[in-house]
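Topology and contacts: notes
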Amino acid sequence: MLMVLCAGTALEMTTQEAAAQQEGRRRRRSAAEEAKPVELTSEQVAQLTKIANERKLNVDDLLAAAKTYTPSGRHDEYVLFSSGGQSGQVYAIGVPSMRLLRSIAVFTPESWQGYGFAGDNDPVLKQLEINGRPVLWGDTHHPGLSETNGEYDGEYLFIGDKANARLAVIDLRDWETKQIVKNPLTVSDHGASFVTPNTEYVIEGGQYATVLGYGYAPIEEYKQSYRGMVTFWKFDRSKGRVDVANSFALELPPYWQDLADAGKFASDGFVFVNSFNAEMAAGGVERGEPPFEAGASKRDMDYLHIIDWRKAEAAFKAGKAKTINGFAVLTIDTCVAEGILHFAPEPKSPHGVDVTPDGKFMVVAGKLDPHVTVYSIEKIKDAIANRKYSTRDEYGVPVLDFDAVKEAQVELGLGPLHTQFDDKGYAYTSLFLDSAVARWTLGGDYDKLNPEPAWKLVTKTPVQYNIGHLAAAEGDTASPDGRYLISMSKWSVDRFLPTGPLLPQNFQLLDISSPGTAMPVLYDLPIGVGEPHYCQMIKADKLRTWSVYPEVGWNPHTQSPDPNAPRKGQEGVIREGSHVLVKMTAIRSHFNPEHVEVNEGDTVTWRIVSLETTKDATHGFCIGGYNINLSLEPGEYTEFTFKADRPGTYPFYCTEFCSALHLEMMGYLHVKPKGTPTADAAK
Amino acid sequence: MPRFIEHLLGPRVAADELHARPLRYIVPSFLLMAARVLLLLSVFLPYWHMELDAPQYPDGLFLTAYVNHLDGDVDEINALNHYIGMRPLEQAAAFERAASVWLMVAMVLLMEGAALVHSRWAVLLALPAVGFPIGFLADLQWWMAHFGQNLDPSAPLSSSIKPFTPTVLGEGGIGQFKTYAELGTGYWLSVAASLLTVIGFYFHRAAYKPLYDRMIARGEV
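A brief structural summary. (Residues numbered from 1 in each chain as written. Chains lettered and ligands numbered in written order. Predicted model: local features only at pLDDT ≥ 70, side-chain atom pairs only at ≥ 80, totals over all residues.)

**Side note on the overall build of chain A**
Across its full length, chain A carries 10 helices and 46 strands. Since a compact globule built from 683 residues should have a radius of gyration of about 26 Å, the 28 Å found for chain A is in line with a globular shape. By principal-axis analysis of the C-alpha atoms, chain A measures approximately 85 × 75 × 75 Å. Going through the 683 residues of chain A one by one, you find that 47% of them count as buried. (Helix = DSSP H or I, 4+ residues; strand = E, 2+ residues; numbered from the N terminus. Rg over C-alpha atoms; globule rule 2.2 N^0.38 Å. Buried ≥ 20, exposed ≤ 12 C-beta atoms within 10 Å, placed from the backbone.)

And the structure:
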C-alpha cells in the first residue's frame, strides 16, 4: 500500500516537474517577447513624423504599417494556404505580416524539398504520370482545408490541378504531399477542391466537357456525346488518403461546371455547383462560328446545380452506377430518377457559389451580371418537394422556378466573382471589372449583426487590380473570424518595380475589422511564382504541425517508422550480384559510410536516414550528375534506387547548410568502369 | 543468541516501557521510516538539471540527471559535443547509473536494519544514506571535470574550445552557450532524507542509550 502510494506520488511529482521545466522555458520566452505599452515621447513623435515625411507616408500608411509589421520572432495569427497556379505548388503565407513561410511541392518536382529527385522510378514521379506520360506540372486552383462540423480542423489540405484534373492530399503535420489522384473521366477540371462539412468527400467539379473517360467524338456531336461531371472523392481520414474505390462521379450535361460549395447545417447534404455555357456553344471562330467567349455568353441564365450528395452516395452504394474508364458514374438519367440532381436558373455565366456560414443561403456571383443572386435553402427544399419546376432541360433535369427559390438579388457592380463572409453579418464579393471588393449585408439571422439594412451594398474598396478570388479569415467556414481579407489581384500593373514583361500578381491585405465603410488596404505582397487562384486563411493555432518527425527512421509516405531505416551502427554497403544496397546515416556533420564503391551498370538501392532530432537540423543529400537530391528533415528516412550507368567518381554532399562543418559533410560514390581489375567492391 | 550479536542489536524495549512512553520510541522509528520513503521516492525524480542557452536554440537545451538515467536533449548535446571532442554523455558515470537503484535499495535496507539496531552500531548502517547527497555531487563534479578536461585534441573545434570544467551548479558558459545548472527535487529529497536520519538518530540515541547503559550496567552483555 505504502509503495503504491509512493509510486503514485512520485509519478505525479515527475509530471509536475516536467511541466515546471516547460513552464520555465515558456516564461523565459514570453518575458523576451513581452512588449511594454507604447507611449510615444514628443521626441519620438518628431522622429516618426520625420521618417514619414521623408518616405512620403501618410497617417493611413503609418497605421497600416503598425497593423501588419511583425517583429522578428513574433508569429502571425493566421496562415494563408494559397494555390500557386501554374507553378503547380502551394504557398503558405503568414497574416498579417504577409511573409512567405514556405512552398509545398505538389504537382511540380521541386528540388529544395527533394520532391521528384529520388533516383529512377521515384514514386513521386510515378504518381505524376498520366496515361504513361510524366506530367510534371499542374495548374493548382482551389485549396480546400479539411473540415470538422464545417470548421477548418487543420489536419489536411486538398488542392486541385485544373490542367490535368488531379487532386492532391497534403498532410498538415509535415506539410508534405501524400497522394495525387487523377480523375479518369476528364482531361481537365476546375472546381476542385471543396469539402463536405466533415470531409466525407472532396468535391471536384469538371469544366470543359469531353467524352468522359478520355473518349473521342467529333465536335459536331457535342450535345450527344460530350459530358460534364462532378466527382465525389471519398476521403479516408484515418489513412489520410482518398479512397478511390469508394469514390464516384455524376455525369452531367455538357454545360461547363465551375465552382462548388458544400451545404452545411440547414443545407447539409447538398452540394452546389454552378455552370456556364448552358448554350452548349461549340465554338469554331475559324469556321465563322461565334467564338466560345460569345457563344457561351448568349443566354441570360445558366444553371445552378443542386446535388443531394447523400442520395447520390446511396445510389452509388446500391450499385446504380455504371463504370467509365474504371470509375463509378451515376448517369444523368439515374440522377434524375433518384432525385439527386436539380437545376435552378442563375444569371449570367456566373462564377462562384458560396454558402453562408449558417448554411441557409447560397450566394451566386453574376460575373456578367452586376448582381449577386441569393438562394434560400428553405425555398429550394420546398421547391424540390413540391416540384415547382419551370421546365426541364434538354437532358430531362428538372429546373426549379427561379422566383420560387430566389431570396434576394443585390446589385454590387461589374464582374462579381466570389463571395466570403465575416462575423458581423457582412458578405464580401470580388468585383473583377470594377477592381474592387464589395461589402454588403446579409439578411435572415445576420440582419441584426450590423446597423445597415439587409441585402444592401455597404461599401467598395478599390484594389489593384482585377481581383479574382478573395479570402477572409476562415471566411468560408461555419464561423468566420472577420478581421482580415485577402484580395487576390490578378494584375499589378504599376504596384511594384518593373520585372520585365511578366509581372507578379498582387496579394492585398484588407482590414475588415471595422463595420461600415472603413475597409482599408494594408499591404501588397507581390507573388512572382505563378498565378494563384484561391486561398484559405486558417487560424495558426489550429495547425498541429510537427517540428521534427516523431521518431528517427520515419517514413513520411507511410507516416510511420520504417523497418528498412538503418539504425546507428548498421551502416554499410552490401552487394548481391549486380545489386548494391547502401545503408547510410546522416548526422552533423558526416554521412556514414563516406565511400560507396559500385561497378558500372550496378543497380544501387540507397537507404538513408537522418539521425537528427533537433528542430531545423535538416540535411540535404545530392549526387551530382545523377539527378538526385533529397531533403532529409530531422528523423526522416528515404530510399531511392538508380542505375550507376556512368562510371566516374561522384562526390555526394549535404545540400542544406547544416552546421559549421557542412562543407565537410560529403563522401564519394565510386562507379568503377567495366573491366576494372580490382576484386569485388562489396564491404 | 551469541553475546556479540546481542551487544550489536542492543536492548529490546519491554512492552510496559513502550506503553509508558510511546512517543519516545515511535519518534525515532517514524523519522527513520520517513527518511527511507523519501530516499525511495527520489529515485523517480530528477537530481540535477542543466539548461544550455545559445542563439540558435531559442527554447534552450535541457539535460536532466536522475540517479539511474539521463533525460532531455541528450542526443543534441552529444551531437554538439562531438565538435569539441567530448565523449558521448552515456559514457559518463555508467557504473554509477547502472548500480544506483541497487545502491538505493541497499541503503534503504541498511536503514531498515539501523532502525532495528538499538546500539551505537546503528549509526554505521545509516551512514551511507546520510552521506549520499554529498557523494552524488562529488561524483557529478568528478565526471564533469573528467569529461571537460579530456577533450579529443584533434576535434574540429579544438583550436576554439580548450579543455574546461563545466559548472556543476549555477551559471557557466562554453562556446556560444550559457549554462544554468541547479539541483532537482530528487536531490533535495535525498538531502531531506539525510537530515531526517541525523535527527532521527538524535532521538534514537535519547531513547535507547539509557536502556543500553542499563543493560551494560546490569552486566547483561
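**Details of the environment of Thr210(A)**
All names here are of chain A. For Thr-210, the position within the fold is in the loop between strand 11 (201-205) and helix 5 (222-225). The exposure class of Thr-210 is buried, given the 22 C-beta atoms found within 10 Å. When the C-alpha atoms of Thr-210 and Gly-228 are compared, they prove to be 7.1 Å apart, with 18 residues separating the residues in sequence. The contacts of Thr-210, once residues within four sequence positions are left out, are Thr-186, Val-187 and Tyr-226. (Contact = placed C-beta atoms within 7 Å.)

**Digging into the packing of helix 3 (residues 22-42) of chain B against helix 5 (residues 94-116) of chain B**
All names here are of chain B. At a minimum axis distance of 10 Å, the contact between helix 3 and helix 5 shows a crossing angle of 175°. What the angle tells us is that helix 3 and helix 5 run roughly antiparallel. For the pair formed by helix 3 and helix 5, the contact residues are Ser-29, Leu-32, Ala-35, Arg-36, Leu-39 and Leu-40 on the first element and Met-104, Met-107, Val-108, Met-111, Glu-112, Ala-114 and Ala-115 on the second. Each residue belonging to the contact of helix 3 with helix 5 can be placed in one class, and the counts come to 10 nonpolar, one polar and two charged. (Axes fitted to C-alpha atoms, helices over the stretch in contact; angles between N-to-C directions. Parallel < 35°, antiparallel > 145°, perpendicular 65-115°, else oblique. Nonpolar A, V, L, I, M, F, W, Y, C, P; charged D, E, K, R; others polar.)

**Topic: unusual backbone geometry**
Residue and element names in this part refer to chain A. For the bond running from Gln-464 to Tyr-465, omega is -15°, close enough to zero to count as cis. With omega at 5°, the peptide bond leading from Asn-592 into Pro-593 counts as cis. The residue Gln-559 is not glycine, and still its phi comes out positive at about 50°. Within the chain, Asn-627 stands out as a residue other than glycine whose phi angle is a positive 55°. Locating Asn-627 in the fold gives a position in the loop between strand 42 (619-623) and strand 43 (628-632).

**What about the sheet that holds strand 46 (residues 666-672) of chain A?**
Residues and elements named next belong to chain A. Across the sheet, five strands lie side by side as 40-46-45-42-43; this open sheet has mixed pairing. Each edge of the open sheet is held by one strand with a lone partner, namely strand 40 (595-599) and strand 43. For this sheet, the mean angle separating the axes of adjacent strands, direction not counted, is 15°. As paired elements, strand 42 and strand 43 share five bridges and run antiparallel to each other. Along strand 43, the bridge assignment pairs Gly-620 with Ser-631. (Pairing = 2+ DSSP bridges.)

**A look at the sheet that holds strand 8 (residues 166-171) of chain A**
The strands making up a sheet are joined through hydrogen bonds of the backbone, oriented either antiparallel or parallel. All names here are of chain A. Strand order across the open sheet formed by four strands is 6-7-8-9, with antiparallel pairing between neighbours. Single-partner strands in this sheet number two, and they are strand 6 (140-148) and strand 9 (176-182). Sheet twist, expressed as the mean angle between neighbouring strand axes with direction ignored, is 25°. By the bridge criterion, six bridges tie strand 8 to strand 9 in an arrangement that is antiparallel. Of the residues in strand 9, the one forming a bridge with Val-169 is Gln-179.

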